[in-house]
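Each chain, written out:
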Amino acid sequence: MNVLANYPPTEELQAIDSAHHLHPFSHANELASKGPRVITSAKGVWLKDSNGEEIIDGMAGLWCVNIGYGRDELADAAARQMRELPYYNTFFKTTTVPALMLAKKLAELAPAHMNQVFFASGGSDANDTNIRLVRTYWAEKGQPERNVIISRWNAYHGSTIGGTSLGGMKAMHGQGGLPIPGIEFIDQPNWWAEGGDTKPEDFGLERARQLEEKIKEIGPEKVAAFIAEPIQGAGGVIVPPDTYWPEIQRIVKKYGILLIADEVICGFGRTGNWFGSETVGIEPDIMTIAKGLSSGYAPIGGSIVSDEVAEVLRDTEFNHGYTYSGHPVSCAVALENLRILEEEGIVDTVRDVTAPYLKEKWEALADHPLVGEAKIVGMMASVALTPDKATRATFAAESGTAGFICRDRCFANNVIMRSVGDRMIIAPPLSITCEEIDILIARATKSLDEAYEKLKADGLLVAAS
Ligand SMILES: *Cc1c(COP(=O)(O)O)cnc(C)c1O
């Protein structure tokens, strides 16, 4: 009997899950005591669970289901490719049609100076590739001592050893003795939380100039690259002041260090352009891609590199690769996903219609008594929860307490929003319609109202001293 076609009732599924399944980024006992929600099917922006509840997915899975759920074209592309050629490698003087065609398509979509792609299975391992790639690049150029990569606190670059090391999440560094050597950090451009009395524009410049100070401190001749997300995602959808990115671009140019734009979330339409780099106006040497590349229908990631970087790497054998680099099924699915994004004009619709519509509604949330700032770029947005807007106060309660209360209300109201500390974030499928945005906003507002009442009742609307 097919266990997937005839599965047992919810409680039994939850018991099996607790007994055998270790979840990422989860506290196992806490999860077991509540029982995970079992998601069974999805269509468009709507998820269905094992109890038949319909939930609007404000997070596009994990920021990845850009075209929305339930597109048969991708299922057909996968089935066709599995029948034709389910797997072959690209290591030993061989290639496959889906891999080379996807690389060509990515070169078309990427900025003009970027025309070569190295494939990985996801974003984390693509960033592992980037560590080895930039160090190999400098070694090939006769500067092997240039091996330090600068990143930012509260950045997210994945969960492998390399990805965690590049990321600036201290709770992640704490498990497993990370970061690896040769990774340095500067502060994030989070004006709301860290800007104090400084004006946002000045703060943006200050935070960018930390890069220059750090380069001088390390010695410019030792710095290989700077890595950053155009807009920080998992860190809480932190939108930098407008002054930030131009100054970063000036600094990396001045010292000749490589700029790695981690486009894993920002890529493929999320910010209203094909890449976040276009939205913030930068010219990266390497772009990390994953998530929206296949809309999450199949695992795939990669690094798109500039002609200059590719030229240097061509002179050596890069002793690196994954069994699933350029996996034909994932590549076929990604190609179909990109075809839909392009032919249905989804990125244009986001930029011209749905993102402006969402922006107006989202920014109005700043009037809510629990909300400090409301930030949005394209289809990624955040609100900072606060007990006192005027002073941009944090809560006296441990960070994340208010966020969890709000997230639980969202869960109860059948809308998926994520909490990051005491920020609430969304990144819905790019296929979301204006009517669906109305539903998302209505449910988010209801959840904020209920969270506000609960925080008040529990005596938690208190500012940290
Ligand atoms: C999710 C994410 C990653 C990691 O991608 P995985 O596919 O989970 O390995 C890397 N960088 C950014 C910016 C991400 O959001």
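Cut-off values and rules
Residues numbered from 1 in each chain as written. Predicted model: local features only at pLDDT ≥ 70, side-chain atom pairs only at ≥ 80, totals over all residues. Heavy atoms only, no water. Near = heavy atom within 4 Å. Polar contact = N/O pair within 3.5 Å; in protein donor to acceptor, adjacent residues only side chain to side chain. Areas by Shrake-Rupley, 256 points an atom, 1.4 Å probe, with all protein chains shown as cover. Helix = DSSP H or I, 4+ residues; strand = E, 2+ residues; numbered from the N terminus. Pairing = 2+ DSSP bridges. Axes fitted to C-alpha atoms, helices over the stretch in contact; angles between N-to-C directions. Contact = heavy atoms within 4.5 Å. Salt bridge = Lys/Arg side-chain N within 4 Å of Asp/Glu carboxyl O. Domains from an automatic or database assignment. Buried area = accessible area lost by both parts, 1.4 Å probe. Nonpolar A, V, L, I, M, F, W, Y, C, P; charged D, E, K, R; others polar. Buried < 20%, exposed > 50% of the residue type's maximum accessible area, 1.4 Å probe, protein only. Parallel < 35°, antiparallel > 145°, perpendicular 65-115°, else oblique. Left-handed = near helix turned anticlockwise from the far one by under 90°.

Novice: With reference to specific residues and values, describe the site of the ligand.
Specialist: Around the ligand sit Gly 122, Gly 123, Ser 124, Asn 127, Tyr 156, His 157, Gly 158, Glu 229, Asp 262, Val 264, Ile 265 and Lys 291, and those are all the residues in its vicinity. In this structure, Asp 262 approaches the ligand through a side-chain N or O atom, which is 2.8 Å from a nitrogen atom. Residue Lys 291 places a side-chain N or O atom 2.6 Å away from an oxygen atom belonging to the ligand. Here the ligand loses 81% of its free accessible area of 380 Å² to cover by the protein chains. No other element matches the 3 residues that helix H6 (residues 123-140) contributes to the shell around the ligand.

Novice: Run through unusual backbone geometry, naming residues and quoting values.
Specialist: Following Leu 178, the chain continues into Pro 179 via a peptide bond in cis, with omega recorded as 5°. Inspection of the secondary structure puts Pro 179 in the loop between helix H8 (170-173) and strand E6 (183-186). Its identity as a non-glycine residue notwithstanding, Asn 154 has a phi of 70°, on the positive side. Backbone geometry at Ser 295 places phi at a positive 50°, although glycine is not the residue there. In this structure, Ser 295 sits in the loop between strand E9 (286-289) and strand E10 (301-306).

Novice: Would you mind going over the sheet that holds E6 in detail, with residue names and values included?
Specialist: Each strand in a sheet pairs with its neighbour through backbone hydrogen bonds, running either in the same direction (parallel) or in the opposite one (antiparallel). Read from one edge to the other, the open sheet built from 7 strands follows the order E4-E10-E9-E8-E7-E5-E6, with strand pairing classed as mixed. With one partner strand each, in any of the chains shown, strand E4 (114-120) and E6 form the two edges of the open sheet. Here the strands of the sheet are splayed against their neighbours by 25° on average, with no regard to which way each runs. Contacting E4, E9 and E10, helix H5 (residues 97-109) runs over the sheet at an angle of about 135° to E4. In the packing of helix H10 (residues 200-218) onto the sheet, the strands contacted are strand E5 (148-152), E6 and strand E7 (223-228), and the crossing angle to E6 comes to about 145°.

Novice: Lay out the pattern of salt bridges with the relevant residues and their values.
Specialist: Applying the stated criterion across every chain, the model contains 25 salt bridges. Close ionic contact of Glu 108 with Lys 105 constitutes a salt bridge, the shortest N to O distance being 3.1 Å. Of this pair, Glu 108 and Lys 105 both sit in helix H5, separated by 3 residues, roughly a single helical turn. A salt bridge links Asp 438 to Lys 361, with the shortest nitrogen-to-oxygen separation between them at 3.3 Å.

Novice: Tell me about the domain arrangement of the protein chain, residues and numbers included.
Specialist: Entries for the protein chain in the domain assignment read domain 1 (37-70 + 345-457) and domain 2 (73-343). The C-alpha centroid of domain 2 is placed 26 Å from the C-alpha centroid of domain 1. Across the contact, 36 residues belong to domain 1 and 36 residues belong to domain 2. Of the roughly 2,800 Å² buried where domain 1 meets domain 2, counting both sides, 64% is carbon and sulfur surface. Sorting the residues of domain 1 by area buried against domain 2 places Trp 63, Met 380 and Arg 392 first, and these three jointly supply 27% of that buried surface. The interface formed by domain 1 and domain 2 holds 0 salt bridges in total. Counting only elements with at least two residues in the side of domain 1 that touches domain 2, the list comes to helix H3 (60-63), helix H15 (346-364), strand E11 (371-377), strand E12 (380-385), strand E14 (418-420) and strand E15 (423-426). Residue contributions to the side of domain 1 that touches domain 2 peak at 5 residues, all from E11. Taken together, the residues of the side of domain 1 that touches domain 2 break down into 21 nonpolar, 8 polar and 7 charged.

Novice: A description of the pairing of E11 should follow, citing residues and the corresponding values.
Specialist: Burial analysis of E11 places 6 of its 7 residues in the buried class, the great majority of the element. With 5 bridges connecting them, E11 and E12 associate as antiparallel partners. When the sheet's bridge partners are listed, Ala 374 is paired in E12 with Val 383. Hairpin connection of E11 to E12: 2 residues between the antiparallel strands, including Gly 378 at a positive phi of 55°.

Novice: Requested: an account of the packing of H15 against helix H17 (residues 434-457), with residues and values cited.
Specialist: As a packed pair, H15 and H17 sit with axes 10 Å apart at the nearest point and diverge in direction by 25°. Taken together, the axes of H15 and H17 lie roughly parallel to each other. Between H15 and H17 the crossing geometry is right-handed. Of H17, the residues touching H15 (which contributes Val 353, Thr 354, Tyr 357, Leu 358, Lys 361 and Trp 362) are Cys 434, Ile 437, Asp 438 and Ile 441. Considered class by class, the residues forming the contact of H15 with H17 number 7 nonpolar, 1 polar and 2 charged.

Novice: Can you break down the packing of helix H4 (residues 72-84) against helix H14 (residues 328-343) residue by residue, with the values?
Specialist: One way to put it is that H4 packs onto H14 with a least axis distance of 8 Å and a crossing angle of 150°. Judged by the inter-axis angle, H4 sits roughly antiparallel to H14. Where H4 crosses over H14, the two elements pack in a sense that is right-handed. For the pair formed by H4 and H14, the contact residues are Glu 73, Leu 74, Ala 77, Ala 78, Gln 81 and Met 82 on the first element and Pro 328, Val 329, Ala 332, Val 333, Glu 336, Asn 337, Arg 339 and Ile 340 on the second. Residue composition of the contact of H4 with H14, grouped by class: 9 nonpolar, 2 polar and 3 charged.

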